[in-house]
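The primary structure of each chain is shown beneath.
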Amino acid sequence: QDVYTTPVYFSSDWLNEYWDAVAVDDFRFVYMGPKGSWTPFHADVFRSYSWSANVCGRKKWLLYPAGQEEFLKDCHGNLPFDVTAPDLRDKRIYPRYSQSQPPLEIIQEAGEIVFVPSGWHHQVYNLEDTISINHNWVNGCNVAVMWCFLQDELAAVQREISQWKDPMDDWHLQCQLIMKSCTGIDYKEFYNFLKVIAENRISVLEKGLDEESSSQKNSKAAISTLGMLHAVFDLKRTVKVLSSLSANEDFRKLDLNSLSPSPEALLQHLEAAIDTALL
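This text gives an overview of the structure that appears in the document. (Residues numbered from 1 in each chain as written. Predicted model: local features only at pLDDT ≥ 70, side-chain atom pairs only at ≥ 80, totals over all residues. Heavy atoms only, no water.)

When two helices pack together, their arrangement is given by the angle between the helix axes and the distance between those axes. Where helix 1 (residues 14-22) meets helix 4 (residues 187-207), the closest approach of the two axes is 10 Å, and the angle between their N-to-C directions is 95°. Viewed along their axes, helix 1 and helix 4 adopt a mutual orientation that is roughly perpendicular. Of helix 4, the residues touching helix 1 (which contributes Trp14, Leu15, Glu17, Tyr18, Trp19 and Ala21) are Glu189, Asn192, Phe193, Val196, Ile197, Asn200 and Arg201. Considering only residue class, the contact of helix 1 with helix 4 consists of eight nonpolar, two polar and three charged. (Axes fitted to C-alpha atoms, helices over the stretch in contact; angles between N-to-C directions. Helix = DSSP H or I, 4+ residues; strand = E, 2+ residues; numbered from the N terminus. Parallel < 35°, antiparallel > 145°, perpendicular 65-115°, else oblique. Contact = heavy atoms within 4.5 Å. Nonpolar A, V, L, I, M, F, W, Y, C, P; charged D, E, K, R; others polar.)

On to the pattern of salt bridges, then. Considering all chains together, one arrives at nine salt bridges under this definition. Note that glutamate 109 and arginine 58 form a salt bridge whose closest N and O atoms lie 3.0 Å from each other. Placement of glutamate 109 in the loop between strand 5 (104-108) and strand 6 (113-116) and of arginine 58 in the loop between strand 3 (49-56) and strand 4 (59-64) is noted, with a sequence separation of 51 residues between them. When its relative accessible area of 30% is taken as the criterion, glutamate 109 is described as partly exposed. (Salt bridge = Lys/Arg side-chain N within 4 Å of Asp/Glu carboxyl O. Buried < 20%, exposed > 50% of the residue type's maximum accessible area, 1.4 Å probe, protein only.)

Here we come to the sheet that holds strand 3. Ordered in space as 1-8-3-6, the four strands form an open sheet in which the pairing is antiparallel. The sheet terminates laterally at strand 1 (28-33) and strand 6, the two strands that pair on one side only. Adjacent strand axes in the sheet meet at a mean angle of 20°, parallel and antiparallel pairs treated alike. As defined by bridge partners, strand 1 adjoins strand 8 (residues 130-137) across six bridges and the pair is classed as antiparallel. Bridge pairing in strand 8 places tyrosine 31 opposite serine 132. This element, helix 1, spans strand 1 and strand 8 of the sheet and lies at about 85° to strand 8. (Pairing = 2+ DSSP bridges.)

So, on to the layout of surface pockets. One number sums up the size of the second largest pocket: a volume of about 600 Å³. If you go around the second largest pocket, you meet 21 residues; those closest to its centre are Arg47, Glu70, Lys73, Phe149 and Glu153. Examining the composition of the lining of the second largest pocket, we find that eight residues originate from one element, helix 2 (residues 143-160), more than from any other. In the lining of the second largest pocket, the residues fall into eight nonpolar, six polar and seven charged. (1 Å grid on protein atoms, 1.4 Å probe; cavity = no way out; pocket = protein on both sides within 12 Å on 5 of 7 lines; lining within 4 Å. Points joined across faces, edges and corners; volume = space filled by probe spheres on them.)

Written out as C-alpha cells, the structure is:
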C-alpha cells in the first residue's frame, strides 16, 4: 500500500525496481524494536546503499567508513558481532584493532532519515521503542560496487570448494549456486537485473510516458521525474558494468544461450540508445 512516498534523493532505486518487476520480493522493510534492542555489526546486502527513516523513537548508530572493517577482523579474518565488546582490545584476537578509526556516532530522532553509503559497516541501537522504514537500494552511482562485491563473493566460494574443482564436472555451476544461496543473486540473475533496468530506461527515452504511467508511482514515472539525462546516465553506467560482466571468465563459462537478448545484442542496443538520445 502507498502509505508513504520515497524521498526524491533515494528515488533512483534499481534494486526495488528490479525485484518489483520479477514480483518475487523487495528490499523495503519496516523495523519495530523495543528500547534496548539492537542490530549487530554488518554491511548491507549487495553492498547497497540504505536509508532509514524513524517514524517514532530514537536510534544510536555506530558507522565505519568502507575499508575500516579490515582493521576490525580477528586473527581468523572474521568480523566481530559487537564492535563495543572488550575483546576487540585484545591484540591476540584482534591484532589490527588499534589501527581503526573511532566510529561515526549518530543519534537519530523521530522524523529524521539516515543515509548509509555502500560498504559502510554499522551497528544500531534502539534507545526507545522505535519504528522505522528502511530501503536497501542500488543505482548508477554504486552498481559497480555491487558488481565488485559479487566477484569477491564468487572468489570466496571458489576458494572454499577448490579441492573439488577437478573431480566435479559442474564445479563452476555449483559455485554460482552456493553464491546465490549466500548472497541472494548469481551472475545470470545479475545480467537480468541490468537488462530490466536498461530496458526500462530505453522505453522511456524512446516512447516517453503515457498518461497512465505518469500518474502512477512506478519505476518509469520515477525515471521521468529524475529526467531524461538521468536515464542516459543510468544507461552509460549499465553499459560499463555489463561490458565487464560480458568479458568475465566465470560468466562466459555459463550457458549464455538461455539469456535473451544475448549480452552482445543488449550492449549494442544500449549503445545505440545512448547515441540516439544524445543527438
